[in-house]
Amino acid sequence: MTDTLLDVENLRVSFPTPAGRVDVVKGLTFTLGRERLGIVGESGSGKSMTGRAILRLIRSPGRQVADKLMFDGDDLQALSERAMRKVRGARISMIMQDPKFSLNPVMTIGDQIAEALKTHERIARKDIAARVIEMLEAVRINDPARVVKMYPHEVSGGMGQRIMIAMMLIPQPDLLIADEPTSALDVSVQAQVLDLIDELVKNKGMGLILISHDLNLVARYCDRILVMHAGEVVESCDARDLHKATHPYTRGLLAAVPQMEETRDELPVLDRTAWSGT
Amino acid sequence: MSAISLKNLDISYGTTKVVQGVNIEVAEGESFALVGESGSGKSTVLKAIAGLAPDWTGEISLLGAPRGHKVDHDFATRCQMVFQDPYGSLHPRKSVDTVLSEPLMIHGLGNRNARVIDMLAAVGLDQRFRFRFPHQMSGGQRQRVAIARALMLEPKVMLLDEPTSALDVSVQAEILNLLKRLRREQGLTYLMVTHNLPVVSFMCDRMAVMNKGRVVEIAPATALHDGSFTDPYTQTLYAASGGNPKYKETL
């Protein structure tokens with residue numbers, strides 16, 4: 001149980017529609033050690049649902065089933081809702097896409113981070129402030145003493161996302177799920193935020209699941225990549241070997257990305273009939 | 001004659017000056033990019049040209065004619081803008097048909113039915129989308145509608161504010177191809193704001209790099225191939241976008 005952090009077998013997530021239940025994640029199987037796994041795919045490919053399902057955050061009427069959903073020796077499916085709450089945040093935490101919507105607008109940043117800490121740890125009040133400031137320093141926020149008193153609307157997107165990261169990492173989780181952590185940010189800030197996640201993950205020996213639609217970004221920051229399409233993994237490879245990917249869908253996605261040294265007159269567009277059975 | 005000419009353009013929001021001393025000449029038929037990080041003032045330049053940020057000084061001229069500070073009826077027929085977020089820029093309770101007919105009605109143009117049908121075909125949307133509402137379409141389809149709306153008045157100049165940053169890579173490729181084809185077919189001039197340098201490499205001829213409200217460098221898009229930028233800020237931006245040798249090794 002030491003090297004496998006997360007073991008998922010045949011994970012299915014379904015939602016009801018007028019035409020019966022539709023599986024949005026169709027039998028996903030993967031294991032994760034203390035490494036960086038990237039999940040890529042287009043919108044609607046089920047990548048975010050996979051992330052949420054690991055934390056059992058699929059709300060009714062959605063339903064999730066798996067043959068196996070083991071985290072660090074615990075069967076997540078067997079845990080009560082109460083026990084699950086102890087896992088969320090403390091042992092597995094998740095960074096959402098847009099800091100604008102995931103921070104509480106009427107609470108100061110210091111209070112929000114302190115809340116994350118108080119929920120999961122018993123800690124003396126005087127130590128809380130010190131830990132919060134220390135964490136903000138770790139995510140490279142200048143002048144943390146000033147920032148703890150600010151409200152989310154007073155900070156920029158990049159800073160907001162770093163605050164989210166601080167909040168998610170302060171209980172020292174074993175696994176971090178980052179669901180498009182930088183899609184709402186600029187390229188220059190994007191690199192900073194990802195470098196930061198990368199560094200923290202490496203130093204603390206955490207596992208990371210990076211969910212994104214940006215193939216190049218995932219190739220840059222992950223060890224292993226799962227490419228998802230319509231709820232299924234179409235390809236799984238080492239990040240280094242991404243350019244050798246064989247599945248037509250992966251190839252199509254790769255080709256559709258404009259290159260820095262672009263000479264093509266037209267970008268190839270995914271031919272959606274090439275790989276679908278129907 | 002240049003399509004867009006900006007001379008000593010300063011733009012303020014209230015008492016804050018957000019853009020200072022911008023000089024840009026965009027030739028007719030050219031595709032020009034404004035790049036920089038958020039807050040660098042690149043979108044504000046577009047807004048000033050479109051008349052959405054009226055507090056500017058300096059000179060803005062379009063196809064040789066200077067632009068005033070007021071709402072300009074004729075200006076709209078020559079220059080149109082496409083916004084970043086197709087989820088936000090289309091009216092949720094107006095059908096595609098209404099959205100596309102509106103500019104024609106405002107400008108008193110006839111033959112609306114045929115024009116709408118032609119335009120849908122030109123942006124690659126099936127006719128069945130004509131009476132749909134924005135919530136019945138995907139992001140890529142909505143952005144096609146937004147582009148169609150901008151093209152209804154047959155403008156010569158298009159202002160594109162991050163037209164693909166809200167879209168997936170595969171859909172982005174479709175929209176970029178569409179924009180490129182439209183430019184070729186209709187002889188349009190593009191002024192495009194983006195922070196995605198590979199998109200510039202694909203779409204544009206020249207680029208201006210903005211930082212803190214100033215243009216720090218104007219370079220040809222081919223500079224993206226070898227990174228031959230002179231300004232240190234541009235080099236940082238180039239490196240952050242993956243344009244450095246270390247990154248290429250990993251690919």
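Keep in mind it's a predicted model, so treat the numbers as computed, not measured. (Residues numbered from 1 in each chain as written. Chains lettered and ligands numbered in written order. Predicted model: local features only at pLDDT ≥ 70, side-chain atom pairs only at ≥ 80, totals over all residues.)

1. Quick notes on the overall build of chain A
What chain A contains, in helices and strands, is ten helices and eleven strands. Here the C-alpha radius of gyration of chain A, 20 Å, is about what a compact globule of 278 residues would show, namely 19 Å. Taking the principal axes of its C-alpha atoms as reference, chain A extends roughly 60 × 50 × 40 Å. Buried positions account for 41% of the 278 residues belonging to chain A. Within chain A, contacts between residues separated by at least 24 positions form 66% of all contacts whose residues are at least 6 apart in sequence. (Helix = DSSP H or I, 4+ residues; strand = E, 2+ residues; numbered from the N terminus. Rg over C-alpha atoms; globule rule 2.2 N^0.38 Å. Buried ≥ 20, exposed ≤ 12 C-beta atoms within 10 Å, placed from the backbone. Contact = placed C-beta atoms within 7 Å.)

2. Looking at the UniProt feature "domain: ABC transporter" (unreviewed entry) in chain B
With numbering aligned to this structure, UniProt lists the feature "domain: ABC transporter" (unreviewed entry) at residues 4–237 of chain B. Across residues 4–237 of chain B, helical content stands at 38% and strand content at 27%; the span's end C-alpha atoms are separated by 26 Å. (UniProt positions renumbered as here; feature names shortened; annotations may be inferred.)

3. Regarding the interface of chain B and chain A
How big an interface is tends to be reported as the loss of accessible area on association of its parts. Facing the 27 residues of chain B at the interface are 26 residues of chain A. Looking at the side of chain B that touches chain A, the elements with two or more residues in it are helix H7 (169–186), helix H8 (197–203), helix H9 (223–226), helix H10 (232–240) and helix H11 (245–250) of chain B. No other element matches the seven residues that H7(B) contributes to the side of chain B that touches chain A. Taken together, the residues of the side of chain B that touches chain A break down into twelve nonpolar, eleven polar and four charged. (Nonpolar A, V, L, I, M, F, W, Y, C, P; charged D, E, K, R; others polar.)

4. Observations concerning the sheet that holds strand E5 (residues 65–66) of chain B
Residue and element names in this part refer to chain B. With antiparallel pairing, four strands are arranged side by side in an open sheet as E2-E1-E4-E5. At either margin of the open sheet sits one strand with a lone partner, and together these are strand E2 (16–27) and E5. Where strand E4 (residues 56–62) and E5 come together, two bridges link them in antiparallel fashion. Within the sheet, the bridge partner assigned to leucine 62 lies in E5 and is alanine 65. (Pairing = 2+ DSSP bridges.)

5. So, the nonpolar core
Nonpolar side chains tend toward joint burial in soluble globular proteins. With 152 residues, the main nonpolar core has Ile113(A), Ala166(A), Leu176(A), Val218(A), Ala148(B), Leu191(B) and Val200(B) as its most contacted residues. No other element matches helix H7 (residues 157–169) of chain A, which puts eight residues into this core. Once residues lying within four places of it in the same chain are set aside, the contact partners of Ala166(A) are Ile113(A), Met135(A), Leu136(A) and Val139(A). (Core = buried A, V, L, I, M, F, W, Y, C linked by C-beta atoms within 7 Å.)

6. Section: unusual backbone geometry
Cis geometry is adopted by the peptide bond preceding Pro61(A), which originates at Ser60(A) and carries an omega value of 10 degrees. Mapped onto the secondary structure, Pro61(A) falls in the loop between helix H1 (47–54) and strand E4 (63–65). Phi is positive for Arg140(A), which is not a glycine, with a value near 60 degrees. Here Arg140(A) shows up in the loop between helix H5 (125–138) and helix H6 (144–147). For Arg140(A), a count of 15 C-beta atoms within 10 Å corresponds to the partly exposed category. We note that Asn8(B) has phi near 45 degrees; this positive angle belongs to a residue other than glycine. Inspection of the secondary structure assignment puts Asn8(B) in strand E1 (residues 2–13).

7. Here's the deal with the confidence of the model for chain B
Residues and elements named next belong to chain B. Averaged over all residues, the pLDDT of chain B equals 88, while 96% of them reach at least 70. Mean pLDDT values over the elements of chain B span from 45, in H11, up to 94, in helix H4 (residues 96–106). Confidence drops under a pLDDT of 50 for residues 245–251, and excluding neighbours within four residues, the segment shows five contacts in the predicted structure. Interface confidence for the predicted complex, given as ipTM, is 0.72, next to a pTM of 0.79. (pLDDT = per-residue confidence, 0-100.)

8. Some thoughts on the packing of helix H6 (residues 139–151) of chain B against H7(B)
Residues and elements named next belong to chain B. Where H6 meets H7, the axes come as close as 10 Å, and the angle between the chain directions of the two elements is 20 degrees. In terms of orientation, H6 and H7 fall into the roughly parallel class. At the point where H6 passes H7, the crossing takes the right-handed sense. Contact with H6, carried on its side by Gly139, Gly140, Gln143, Arg144 and Ile147, involves Val171, Glu174, Ile175 and Leu178 of H7 and no other residues of that element. (Axes fitted to C-alpha atoms, helices over the stretch in contact; angles between N-to-C directions. Parallel < 35°, antiparallel > 145°, perpendicular 65-115°, else oblique. Left-handed = near helix turned anticlockwise from the far one by under 90°.)

9. What to know about H10(B)
One full turn of an α-helix is made of 3.6 residues, so residues set three or four places apart face in the same direction. Residues and elements named next belong to chain B. Within H10, the full set of buried residues consists of Thr234, Leu237, Tyr238 and Ala240. When H10 is viewed along its axis, its buried side chains cluster within an angular range of 165 degrees and face the same direction. Where H10 terminates, the next one or two residues include glycine 242, which has phi positive at roughly 95 degrees. (Arc of directions from axis to C-beta.)

10. Here's the deal with H4(B)
Residues and elements named next belong to chain B. Every buried residue belonging to H4 is among Val96, Val99, Leu100 and Pro103, and all of these are buried. End-on, the buried residues of H4 take up no more than an arc of 95 degrees, which puts them together on one face. What points out from H4, more than 90 degrees from its buried face, is the exposed set Met105 and Ile106. Considering only its buried residues, H4 is in contact with helix H5 (112–122) and H6. In the stretch just after H4, glycine 108 is the one whose phi turns positive, near 60 degrees.

11. Things to note about the sheet that holds strand E9 (residues 207–212) of chain A
Residues and elements named next belong to chain A. Taking strand neighbours across the sheet as the criterion, the six strands line up as E7-E8-E9-E3-E10-E11 in an open arrangement whose pairing is mixed. In this open sheet, the two strands that pair with only one neighbour each are strand E7 (92–95) and strand E11 (232–238). Recorded for the sheet is a direction-independent mean angle of 15 degrees between the axes of neighbouring strands. Sheet analysis places strand E8 (residues 175–179) next to E9, joined by five bridges and oriented parallel. Along E9, the bridge assignment pairs alanine 178 with leucine 210.

12. A word on the confidence of the model for chain A
Per-residue confidence for chain A gives a mean pLDDT of 86, with 96% of residues at or over 70. Throughout residues 274–278 of chain A the model reports pLDDT below 50, and contacts reaching past four residues in sequence, or to other chains, amount to three contacts.

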